[in-house]
Amino acid sequence: MSPSLARLRLLVLLLVAALAIALGVIVLGGSGSDRLAPGIGASGDGNDPLAYREEDREELERQAAAGLSHVLFAKSPGGAVATAERVARWRTLIERTAEGSEGVVDADTLEAIVFLESAGREDARASNDLDGAVGLTQILAQTGRDLLGMRVDVRAAERLTRGIARGTKVEARTRERRRVDERFDPQKALQGTVRYLRFARGELGDRQDLAIASYHMGVGNLQRVLQRYGEGEVPYAQLFFDTTPVRNTEAYELLASLGDDSSTYLWRVRAAAGIMRLWRTNPADLSRLAALQTAKNSAEEVLHPRASTRVYEDPFALGRARADGTLVVLDPEQLARFGLRIDPGMGELAPRLKQSARLYRALRPEALAMLAYIGAGVRDLGGSKVPLRVSSSIRDVTYQRLLGQRNGEATRRYSLHTTGFSFDIVRDYATRGQARAFQFFLDRLTAMNLIAWVREPGAIHVTVSSRARELIPILDEE
């Protein structure tokens, strides 16, 4: 057994009881001494390479903004570049509002909230019900009226909105709607957001990061999470990354229960600020990044752009890479120790290329390390002895081309499988606990910008960042 695995064994021995309690499951069978991997951030003893550490906070914040930025590129109306252009129209008003906020919020952050909330559209509505979120900064009717002191006449605004939709007297009705419902007035919406953030900072230890996080989840909800965490108004990065299903469990469960991506709101605001900064300083780079972000249904091409990533063209290239250690062969016995097994169908098209299926059972070392980390973590967190099934790993271009001819869902363009950084895990879970544990790892590792993943009909497709080599040394030695 490797020294790295031995170091991890002690951590898991301490966690087995806590895991069962945290998830309400019973870990069946097997000796505790055979359990080889931690849960993320599960212990403060330093054995988990991905546990939260205060000295890493700024880097974690940067990586969280990057890792969770894909949705902004994929979902922003018209795309991220078009959205940035719309948002930029409000920059002068945003700067003036921020300057008048007496330090409550800076212009870049306020602009990022506009990007995320309305994509720069002053008439944006969350739904046809104007009691919901409305305007440039998506303020709820009740919040606007009762907390922010705004004039909000929902019935009058709904009547005017119907008239605007009919296309009659649009300019006059738009002006009147801004008067009767100030959420539709860009200047007053921005001022309302400043008042909210001032209130939130007053309630949350004058921390801007907590105030911004509360803009989506609400001050009261965030206060309850902080109370369960029990250390006062800590940095949001600490609250987010230091809560897991087995560490600060009550705080984690409440934060996760809020739904609607509330827990990741701050990181998406930071991502929006980065997009706007790039739009102003290097729009060509933003266009290139947008192309990478939207090339696939995840950010996998951002992690490994085709122009700078080695692709294996044919079986001979795979053989050479396996021989020189660039690719590591999947060892069924090793995978079993990490709660994983190889699906019999992996490499099933190899005979058509006059090759063995075993040739297509390998990964880059960092991808294999990540696979092992996920597998063992899901096993311990989910409480199931049934291993996750790995259905795909390395392919070469000839194999990928053949697969594309037989499977309409397989890309005929650049596939990350041809780089060795991707693997697929079958969506067939032994228990609900196993499925939930897997989802936790997917979400947390994405927030750390260590993986990109997509849910396919039969499998979860995961692409691993090169940074995983530095963060997960559990495969260094056998």
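Heads up: these notes are all about the structure in this document.

The rules we used
Residues numbered from 1 in each chain as written. Predicted model: local features only at pLDDT ≥ 70, side-chain atom pairs only at ≥ 80, totals over all residues. Heavy atoms only, no water. Helix = DSSP H or I, 4+ residues; strand = E, 2+ residues; numbered from the N terminus. Contact = heavy atoms within 4.5 Å. Areas by Shrake-Rupley, 256 points an atom, 1.4 Å probe, with all protein chains shown as cover. Pairing = 2+ DSSP bridges. Axes fitted to C-alpha atoms, helices over the stretch in contact; angles between N-to-C directions. Buried < 20%, exposed > 50% of the residue type's maximum accessible area, 1.4 Å probe, protein only. Lys, Arg positive; Asp, Glu negative; His and termini not counted. Salt bridge = Lys/Arg side-chain N within 4 Å of Asp/Glu carboxyl O. Polar contact = N/O pair within 3.5 Å; in protein donor to acceptor, adjacent residues only side chain to side chain. Core = buried A, V, L, I, M, F, W, Y, C linked by side-chain atoms within 4.5 Å. Left-handed = near helix turned anticlockwise from the far one by under 90°. Nonpolar A, V, L, I, M, F, W, Y, C, P; charged D, E, K, R; others polar. Phe/Tyr/Trp six-rings, centres within 6.5 Å; stacked < 30°, edge-to-face > 60°. Lys NZ or Arg CZ within 6 Å of the ring centre and 35° of its normal.

1. Here we look at the overall build of the chain
- Tallying secondary structure elements over the chain gives 23 helices and seven strands in all.
- Intrachain contacts of the chain at a sequence separation of at least 6 include 70% that bridge at least 24 residues.
- Summing over all exposed atoms, the chain offers an accessible surface of approximately 21100 Å²; the carbon and sulfur share of this is 47%.

2. Digging into the sheet that holds strand E4 (residues 388-392)
- The five strands are arranged E2-E4-E5-E7-E6 in an open sheet whose pairing can be described as mixed. In this open sheet, the two edge strands, each paired with only one partner strand, are strand E2 (340-342) and strand E6 (451-455). Strand-to-strand twist of the sheet, defined as the mean angle between neighbouring strand axes without regard to direction, takes the value 30 degrees.
- Across three bridges, the pairing between E2 and E4 is parallel.

3. Focus on the side chain of Asp-424
- The topology assignment puts Asp-424 in strand E5 (residues 422-426).
- No salt bridge is formed by the buried Asp-424; the nearest opposite charge belongs to Arg-395, separated by 4.1 Å.
- Among the polar contacts made by the side chain of Asp-424, one reaches the side chain of His-461 at a distance of 2.7 Å.
- What Asp-424 contacts, discounting residues up to four positions off in sequence, is Arg-389, Val-390, Ser-391, Ser-392, Arg-395, His-417, Glu-456, Ala-459, Ile-460, His-461 and Val-462.

4. Let's talk about the pairing of E4
- Among the five residues in E4, four count as buried, and that is most of the element.
- For E4 and E5, the ladder comprises two bridges, and the chain directions are antiparallel. Each residue of the ladder has a partner; that of Ser-392, found in E5, is Asp-424.

5. Let's talk about the environment of Thr-411
- With respect to the helices and strands, the residue Thr-411 is situated in the loop between helix H21 (397-406) and E5.
- When the C-alpha positions of Thr-411 and Lys-296 are compared, they lie 9.6 Å apart, and in sequence the two are 115 residues distant.
- For Thr-411, the residues in contact, after removing those within four places along its chain, are Lys-296 and Gln-400.
- A polar atom in the side chain of Thr-411 sits 3.0 Å from the backbone nitrogen of Arg-413.

6. What about the pattern of salt bridges?
- Going through the model one piece at a time under the given rule, you end up with 23 salt bridges.
- Its salt-bridge partner being Glu-111, residue Arg-91 comes within 2.9 Å of it at the nearest N-O pair. Residue Arg-91 is found in helix H5 (residues 91-99), and its partner Glu-111 is found in helix H6 (residues 107-118); the two are separated by 20 residues along the sequence.
- Arg-389 is the salt-bridge partner of Asp-343, the closest N and O atoms lying 2.6 Å from each other. In this pair, Asp-343 is assigned in the loop between E2 and strand E3 (362-363) and Arg-389 in strand E4, connecting sequence segments 46 residues apart.

7. Looking at the nonpolar core
- Core analysis: the biggest nonpolar cluster contains 110 residues, and Leu-222, Tyr-236, Phe-241, Trp-267, Leu-371 and Phe-423 have the highest contact counts within it.
- Here the element with the most residues in this core is helix H20 (residues 365-382); it accounts for 10 residues.
- The contact partners of Tyr-236, leaving out residues within four places of it in the chain, are Asp-209, Leu-210, Ala-213, Met-217, Leu-222, Leu-255, Ser-262, Ser-263, Leu-266 and Trp-267.

8. Some details on the packing of H5 against helix H10 (residues 186-203)
- At a closest axis distance of 10 Å, the pairing of H5 and H10 adopts a crossing angle of 35 degrees. Note on packing geometry: the crossing formed by H5 with H10 is right-handed. Seen from H5, the contacting residues are Leu-93, Ile-94 and Thr-97; seen from H10, they are Pro-186, Gln-187, Leu-190, Gln-191 and Val-194.
- The residue makeup of the contact of H5 with H10, split by class, is five nonpolar, three polar and no charged.

9. Brief notes about the packing of aromatic side chains
- For the structure shown, the criterion picks out 13 aromatic pairs.
- Residues Tyr-196 and Tyr-215 carry aromatic rings whose centres are separated by 5.3 Å and whose planes lie at 90 degrees to one another, so their mutual orientation is edge-to-face. With Tyr-196 in helix H10 and Tyr-215 in helix H11 (residues 208-217), this residue pair connects regions lying 19 residues apart in the sequence. One exposure class covers both Tyr-196 and Tyr-215, and it is buried.
- A centroid spacing of 5.6 Å and a plane angle of 90 degrees characterise the contact between Tyr-252 and Phe-440, whose relative ring orientation is edge-to-face. Placement of the pair is Tyr-252 in helix H14 (residues 249-257) and Phe-440 in helix H22 (residues 432-447), with a sequence separation of 188 residues. Here Tyr-252 matches Phe-440 in class, with each residue buried.
- The positively charged end of Arg-177 is found above the aromatic ring belonging to Phe-184, 3.9 Å away from the centroid.
- Note that Arg-444 overlies the ring of Phe-240, its terminal NZ or CZ placed 5.0 Å from the centroid.

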